[in-house]
Amino acid sequence: MKRIENYVKIEFLSRSSNESFARVAAAGFAVQMDPTLDELGDIKTAVSEAVTNAIVHAYPDSLGKIMLRLRLMEGNVLELTIRDWGRGIEDVEQARQPLFTTGGAERSGMGFTIMESFMDKLSVKSVPGRGTTVTMRKRIAARVAAGR
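Keep in mind it's a predicted model, so treat the numbers as computed, not measured.

**Things to note about the overall build of the chain**
Thought 1: In terms of regular secondary structure, the chain is built from four helices and five strands.
Thought 2: Along its sequence from the N terminus, the chain presents helices and strands in the succession β-α-α-β-β-α-α-β-β.
Thought 3: Restricting to contacts in the chain with at least 6 residues of sequence separation, those with at least 24 account for 67%.
Thought 4: When the accessible surface of the chain is totalled, it reaches about 8300 Å², and 50% of it is carbon and sulfur.

Structure follows, in structure tokens:
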């Protein structure tokens, strides 16, 4: 088990306006790891997908709470957890298949696929009627400062 070096936990309502807040908060926390702009983009995209999934699928007809936990682990690994207490997912394996969606024609069904492509590890746990927890990890490459 990797040791936790720093963490933050944020809770917010499942309003679409909070998706951009979560994305920026994750990027702001990750900056201490000295990521490249590409790595920051990957983090922001993955968080955006996970939070949007919670907003659209967990609470389709109501507002609920979403928790974002960010942890800096030893070895320069960023762990991102997005949790909701909404509907849950009946079949996680099916939901992780590209193009599968329960969100209607305007949804691409690519959320989990996108998260998986931008992160090193993706875990999805869900209990129907009780909510979903998405945990992602990304190792940020250590860089040597110029002139040292």
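**A closer look at the packing of aromatic side chains**
Thought 1: Throughout the structure, instances matching the rule amount to zero aromatic pairs.
Thought 2: Stacked on the ring of Trp 85, the Lys or Arg Lys 65 has its end atom at 4.5 Å from the ring centre.

**Here's the deal with the packing of helix 1 (residues 17-30) against helix 2 (residues 37-58)**
Thought 1: Two elements in contact, helix 1 and helix 2, have axes separated by 8 Å at closest approach and are oriented at 145 degrees. Two packed elements cross with a definite hand, and for helix 1 against helix 2 that hand is right-handed. Along the contact surface, helix 1 presents Glu 19, Ala 22, Arg 23, Ala 26, Ala 27 and Ala 30, while helix 2 presents Leu 40, Ile 43, Lys 44, Val 47, Ser 48, Val 51, Thr 52 and Ile 55.
Thought 2: Considering only residue class, the contact of helix 1 with helix 2 consists of nine nonpolar, two polar and three charged.

**Side note on the sheet that holds strand 2 (residues 65-73)**
Thought 1: On the basis of which strands lie adjacent, the open sheet formed by five strands has the order 1-2-3-5-4 and antiparallel pairing. What marks the edges here is a single partner per strand, and that holds for strand 1 (4-13) and strand 4 (121-127). Taking the axes of each pair of neighbouring strands and ignoring which way they run, one obtains an average angle of 10 degrees across the sheet.
Thought 2: Bridge count for strand 2 against strand 3 (residues 77-84) is eight bridges, and the pairing is antiparallel.

**Let's talk about helix 1**
Thought 1: When the terminal C-alpha atoms of helix 1 are compared, their 21 Å separation across 14 residues agrees well with the 20 Å that a helix rising 1.5 Å per residue should span.
Thought 2: Burial in helix 1 covers these residues: Asn 18, Glu 19, Ala 22, Ala 25, Ala 26, Ala 27, Phe 29 and Ala 30.
Thought 3: Summarising the contacts, the buried residues of helix 1 are in contact with strand 1, helix 2, strand 2 and strand 3.

**Section: the nonpolar core**
Generally speaking, a soluble globular protein has its nonpolar side chains buried in company with each other.
Thought 1: Counting 36 residues, the largest nonpolar core has Ile 43, Val 51, Ile 66, Leu 80 and Met 136 as the members making the most contacts within it.
Thought 2: Elements represented by at least two residues in this core include exactly strand 1, helix 1, helix 2, strand 2, strand 3, helix 4 (111-118), strand 4 and strand 5 (131-139).
Thought 3: For this core, the element with the highest residue contribution is helix 2, accounting for nine residues.
Thought 4: In this view, Ile 66 contacts Ile 10, Glu 11, Phe 12, Ser 14, Val 51, Ala 54, Ile 55, Tyr 59, Ile 82, Arg 83 and Trp 85; residues no more than four positions away in its chain are not counted.

**Quick word on the pattern of salt bridges**
Thought 1: Within the structure shown, the criterion is met by eight salt bridges.
Thought 2: When the shortest N-O distance is used, the salt bridge between Glu 19 and Arg 23 registers 2.5 Å. Here Glu 19 and its partner Arg 23 are both found in helix 1, four residues apart, which amounts to about one turn of the helix.
Thought 3: Using a relative accessible area of 13% as the deciding quantity, one classes Glu 19 as buried.

Parameters at a glance
- Residues numbered from 1 in each chain as written.
- Predicted model: local features only at pLDDT ≥ 70, side-chain atom pairs only at ≥ 80, totals over all residues.
- Heavy atoms only, no water.
- Helix = DSSP H or I, 4+ residues; strand = E, 2+ residues; numbered from the N terminus.
- Contact = heavy atoms within 4.5 Å.
- Areas by Shrake-Rupley, 256 points an atom, 1.4 Å probe, with all protein chains shown as cover.
- Phe/Tyr/Trp six-rings, centres within 6.5 Å; stacked < 30°, edge-to-face > 60°.
- Lys NZ or Arg CZ within 6 Å of the ring centre and 35° of its normal.
- Axes fitted to C-alpha atoms, helices over the stretch in contact; angles between N-to-C directions.
- Left-handed = near helix turned anticlockwise from the far one by under 90°.
- Nonpolar A, V, L, I, M, F, W, Y, C, P; charged D, E, K, R; others polar.
- Pairing = 2+ DSSP bridges.
- Expected span 1.5 Å × (residues − 1).
- Buried < 20%, exposed > 50% of the residue type's maximum accessible area, 1.4 Å probe, protein only.
- Core = buried A, V, L, I, M, F, W, Y, C linked by side-chain atoms within 4.5 Å.
- Salt bridge = Lys/Arg side-chain N within 4 Å of Asp/Glu carboxyl O.

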